[in-house]
Amino acid sequence: MKDRREPTDQELVTTNGALALVNLSAQIDGLAAPVRRAASTAPLAVAQQAVLVDLLTLRGHLLGRVADYEQAAQLSEHMVWNAPDDRAALLARARTRATLHRFAEAMADLDAARRAGAAQATLDAERAAILQAVGCYAEAHSLLRSAALHQSDFTMLSALAVLQAERGETAEAEHVFDETRAAYRGVSPFPLAQLDFRRGVMWLREGDLPTARSWFDAARRRVPGYAPATGHLAEVDLLLGDPETAVTRLRPLAETSDDPEYIAHLALTLRAAGRHQEAQPWRDRAARRYEELVTRHPEAYADHAADFWLMVGGDIELGLQLALQTMVMRQTSRSYALVRRAREASGRLTDASGSRSPATSM
């Protein structure tokens, strides 16, 4: 039997999630106004701009807002332009570049931040996150252990739990997830919601849909507007044979988020529900949005776009091209699996048509 635990009624008390989202946007607006005014005068203090960058990135994740990621990236570029030797500016730009999967450039910023005097523990934690994202788990684990001496228990344990989850060490990860929750001393609901979400992702990868659903639901109870948790709940609904519930979850998200993943999933679930005509406009909208984002941020969106074209997009050869592009950028287990799936789909297409296109021989 798998070593797993579902959320209990003994929940940690935090600020109301809906109110916390309102407060987050108010913080962003409060910091953004002086940044705009400072654009034509003296630059605002780097520390304040770095806070704004992190808040924008957080909101982008919670609400599925690519525009927030882009605004954070643009602001961090201006910060480094105005203060090229400031470690806070360099760290902020490293984080935004990592968010958009520009990992080599992010590592270069961390090197520059080290020369500018950034703390080693901070650098180790940032490098570990990047190494984990590209599948270098052993190196990431070593850096996390080094950073652990200087980080808060919650921050370090959270990173370690997610790392073990991604390595497939579910039993070990479960114990660390429990330790992490016990170590939390804050009142913000966001860190706990993110932690529960990542726990749900682990069980979804393991194929344990009921347990995955319980943790996604816990994350969404903590923060009702949490887009990734809502999206994965819809995915579980679909896998469990309930596309109508998935549609109900996804439609409001697809209407408010500018991330095409939710739009694409809505099109997919509508098709699964037999509502093909209704699905087509959403499919077309997702296609246009993926084309935009792959052009602007290929490192971050080529793999998601490949998934889209292989599934609901209906262009297997384009999906294969994007999958191969992803594998060139980073050699992770996900990228290899994506290429394998794309080649299998292309092979089936070739068998059906009796001819082979140039893309399938790549």
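Provided above is the structure to which this section pertains.
Residues numbered from 1 in each chain as written. Predicted model: local features only at pLDDT ≥ 70, side-chain atom pairs only at ≥ 80, totals over all residues. Heavy atoms only, no water.

Novice: Quick question: what am I supposed to make of the nonpolar core here?
Specialist: Within soluble globular proteins, side chains that are nonpolar tend to cluster in buried spots. One finds M79, F190, F216 and Y226 to be the most contacted residues of the largest nonpolar core, which totals 71 residues. By residue number, the principal contributor to this core is helix 10 (residues 190-206), which donates nine residues. Not counting residues within four places of it along the chain, the set of residues in contact with Y226 comprises H61, L62, A193, Q194, F197 and A219. Residues A246, V247, L250 and A305 belong to the second largest nonpolar core, which totals 39 residues. (Core = buried A, V, L, I, M, F, W, Y, C linked by side-chain atoms within 4.5 Å. Buried < 20%, exposed > 50% of the residue type's maximum accessible area, 1.4 Å probe, protein only. Helix = DSSP H or I, 4+ residues; strand = E, 2+ residues; numbered from the N terminus. Contact = heavy atoms within 4.5 Å.)

Novice: What is the right way to read helix 6 (residues 120-133) from this model?
Specialist: A rise of 1.5 Å per residue sets the reference length of helix 6, with its 14 residues, at 20 Å; its end C-alpha atoms lie 20 Å apart and thus fit the reference within 8%. All buried positions along helix 6 are accounted for by A121, L123, D124, A125, R127, A128, I130, L131 and Q132. For helix 6, the secondary structure elements touched by its buried residues are helix 4 (87-99), helix 5 (103-115), helix 7 (137-148) and helix 8 (153-166). (Expected span 1.5 Å × (residues − 1).)

Novice: Would you mind going over unusual backbone geometry with me for this structure?
Specialist: Trans is the common state for peptide bonds, and a negative phi is the common state for residues other than glycine. Even without glycine at this site, H101 takes up a positive phi of about 65°. For H101, the location among the structural elements is in the loop between helix 4 and helix 5.

Novice: Teacher, can you tell me more about the pattern of salt bridges here?
Specialist: Where charged atoms from two side chains of opposite charge come close, those side chains can pair. Per the stated rule, a full pass over the model turns up 28 salt bridges. Among the salt bridges present, the one from R167 reaches E169, with a minimum N-O distance of 3.5 Å. Residues E278 and R251 are paired through a salt bridge, measuring 2.5 Å at the closest nitrogen-oxygen approach. Separated by 27 residues along the polypeptide, E278 in helix 15 (residues 276-296) and R251 in helix 13 (residues 243-256) bring together distant segments of the chain. (Salt bridge = Lys/Arg side-chain N within 4 Å of Asp/Glu carboxyl O.)

Novice: What am I meant to see in the environment of P224 here?
Specialist: For P224, the position within the fold is in the loop between helix 11 (209-222) and helix 12 (227-239). According to the relative accessible area criterion, P224 is partly exposed, its value standing at 44%. On a C-alpha basis, the gap between P224 and L62 in space is 9.9 Å, while along the polypeptide they are 162 residues apart. Leaving out residues up to four positions away in the same chain, P224 has contacts with G17, A18 and T230.

Novice: Just to check I follow, could you spell out the packing of helix 12 against helix 13 for this structure?
Specialist: Helix-helix packing is described using two parameters, namely the angle between the two axes and the distance between the axes. It is the contact of helix 12 with helix 13, at a shortest axis distance of 7 Å, that shows an interaxial angle of 160°. Between helix 12 and helix 13, the interaxial angle falls into the category roughly antiparallel. In the crossing of helix 12 with helix 13, the sense of the turn from one axis to the other is left-handed. Together, A227, T230, G231, L233, A234, D237 and L238 of helix 12 and P243, T245, A246, R249, L250 and L253 of helix 13 make up the contact between the two elements. Among the residues forming the contact of helix 12 with helix 13, the class breakdown is eight nonpolar, three polar and two charged. (Axes fitted to C-alpha atoms, helices over the stretch in contact; angles between N-to-C directions. Parallel < 35°, antiparallel > 145°, perpendicular 65-115°, else oblique. Left-handed = near helix turned anticlockwise from the far one by under 90°. Nonpolar A, V, L, I, M, F, W, Y, C, P; charged D, E, K, R; others polar.)

That is the geometry; function is a separate question.
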